[in-house]
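Breakdown of the fold
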Amino acid sequence: MLSVFVQGFMVCLSLIVAIGAQNAFVLRQGLRGEHVLPVVMFCAGTDAVLISSGVLGLSQTLKASPLLNQILALGGAAFLLVYGWQALQRVRRPQQLTAASHVAGAGMAAVLAQAAAFTFLNPHVYLDTVLLIGSIGAQQAPLLRWWFIAGACLASLSWFMTIGFGAARLAPVFQHPRAWQVIDALIVITMWGMAVLLLMQGI
């Protein structure tokens with residue numbers, strides 16, 4: 001059981017520790033100190049649901065539906081292009097870029113809506129959690145699948161906690177508009193790069 005738990009932890013960690021749309025969003029919220037705990041719990045919670053669904057059978061369903069994969073790819077690309085454009089506007093207007101806690105930010109509902117969009121409109125989330133992690137976990141014996149799921153879910157929670165709350169240590173650096181320009185420029189590159197890949201996949 002322990003070996004299956006560790007396998008689930010390591011497989012999930014190896015897939016989610018990468019610069020992606022969802023991770024970039026969590027990092028930015030952590031730097032701003034804005035609704036970090038709800039965002040972390042939402043992302044980890046949706047990972048848990050998707051991983052569990054994949055291990056318990058959804059991975060086979062998605063593999064059998066090319067049309068669904070194409071729709072997800074095109075929808076995700078459109079969302080990433082728009083969010084990348086918004087980040088580009090922040091780069092061009094450095095006076096709007098601030099990590100100061102006294103500046104009014106988006107409400108929690110709006111922030112969680114963005115987190116949901118990064119999760120459910122991003123086909124890579126399904127690829128990693130449902131298809132890849134789900135397919136590996138589904139190979140375990142029925143009773144051991146829950147240990148695999150537990151390990152994978154712990155890895156997801158640990159990662160989002162790390163980048164969400166660990167980012168606060170960098171907050172003093174990001175009091176300067178130039179630092180925000182750099183992080184938002186990286187977000188633009190990440191979002192638009194992934195959008196191009198998704199458009200190629202969808203087309």
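The following paragraphs examine the structure supplied in this document.

Okay, a nonpolar patch on the surface next. The grouping of Leu74, Leu81, Trp85, Trp192 and Leu199 at the surface amounts to a nonpolar patch, some 430 Å² of accessible area in total. Listed by contribution, the elements that provide at least two residues to the nonpolar patch are helix H4 (66-92) and helix H8 (177-202). For Trp85, the position within the fold is in helix H4.

Another point: the packing of helix H1 (residues 2-16) against helix H7 (residues 145-166). Interaxial distance between H1 and H7 falls to 7 Å at its minimum, and their mutual angle equals 40°. The pairing of H1 with H7 is recorded here as oblique in orientation. With respect to the hand of their crossing, H1 and H7 are arranged in right-handed fashion. Facing Val4, Phe5, Gln7, Gly8, Phe9, Cys12, Leu13 and Ile16 of H1, the residues of H7 in contact are Trp147, Phe148, Ala150, Gly151, Ala152, Leu154, Ala155, Ser156, Ser158 and Trp159. A breakdown of the residues in the contact of H1 with H7 according to their chemical character gives 13 nonpolar, five polar and no charged.

Running from N to C, H1 and helix H6 (residues 123-138) cross one another at 150°; their axes reach a closest spacing of 11 Å. The angle between H1 and H6 places the two elements in the roughly antiparallel class. The chirality of how H1 crosses H6 is right-handed. Residues Gln7, Val11, Cys12 and Leu15 of H1 form the contact with H6, whose participating residues are Asp128, Leu132, Ile133 and Ile136. Residue composition of the contact of H1 with H6, by class: six nonpolar, one polar and one charged.

Let us now look at H7. Between its first and last C-alpha, H7 extends 31 Å over 22 residues, near the 32 Å set by a 1.5 Å rise per residue. Among the residues of H7, those classed as buried are Phe148, Ile149, Gly151, Ala152, Cys153, Ala155, Ser156, Trp159, Phe160, Ile163 and Gly164.

Looking at the element boundaries, Ser156 is found in helix H7. Judged by its relative accessible area of 0%, Ser156 falls in the buried class.

All right, on to the pattern of salt bridges then. In a structure, side chains of opposite charge can pair up when their charged atoms sit close to one another. Counted by the stated rule, this structure contains one salt bridge. We note a salt bridge from Arg32 to Glu34, for which the minimum N-O separation is 3.4 Å. For Glu34, a relative accessible area of 10% translates into the label buried.

Now for the nonpolar core. Ranked by size, the top nonpolar core spans 38 residues in total, and within it Leu80, Phe118, Phe160 and Met191 carry the most contacts. At the level of secondary structure, the elements contributing two or more residues to this core comprise H1, helix H2 (21-32), helix H3 (36-63), H4, helix H5 (108-120), H7 and H8. With eight residues, H7 is the largest single contributor of residues to this core. Residues contacting Phe118, with those up to four places away along its chain left out, are Ala21, Gln22, Phe25, Phe79, Leu80, Tyr83, Val125 and Met191.

Here we come to the environment of Leu199. Checked against the element boundaries, Leu199 lands in helix H8. Look at Leu199 and you get partly exposed, because its relative accessible area is 30%. On a C-alpha basis, the gap between Leu199 and Gln70 in space is 9.1 Å, while along the polypeptide they are 129 residues apart. Not counting residues up to four positions away in its chain, the partners in contact with Leu199 are Leu74, Ala77 and Leu81.

Cut-offs used in this document
Residues numbered from 1 in each chain as written. Predicted model: local features only at pLDDT ≥ 70, side-chain atom pairs only at ≥ 80, totals over all residues. Heavy atoms only, no water. Patch = residues over 30% accessible without salt bridge, like charges linked within 9 Å, V, L, I, M, F, W, Y side chains within 5 Å. Areas by Shrake-Rupley, 256 points an atom, 1.4 Å probe, with all protein chains shown as cover. Salt bridge = Lys/Arg side-chain N within 4 Å of Asp/Glu carboxyl O. Helix = DSSP H or I, 4+ residues; strand = E, 2+ residues; numbered from the N terminus. Axes fitted to C-alpha atoms, helices over the stretch in contact; angles between N-to-C directions. Parallel < 35°, antiparallel > 145°, perpendicular 65-115°, else oblique. Left-handed = near helix turned anticlockwise from the far one by under 90°. Contact = heavy atoms within 4.5 Å. Nonpolar A, V, L, I, M, F, W, Y, C, P; charged D, E, K, R; others polar. Expected span 1.5 Å × (residues − 1). Buried < 20%, exposed > 50% of the residue type's maximum accessible area, 1.4 Å probe, protein only. Core = buried A, V, L, I, M, F, W, Y, C linked by side-chain atoms within 4.5 Å.

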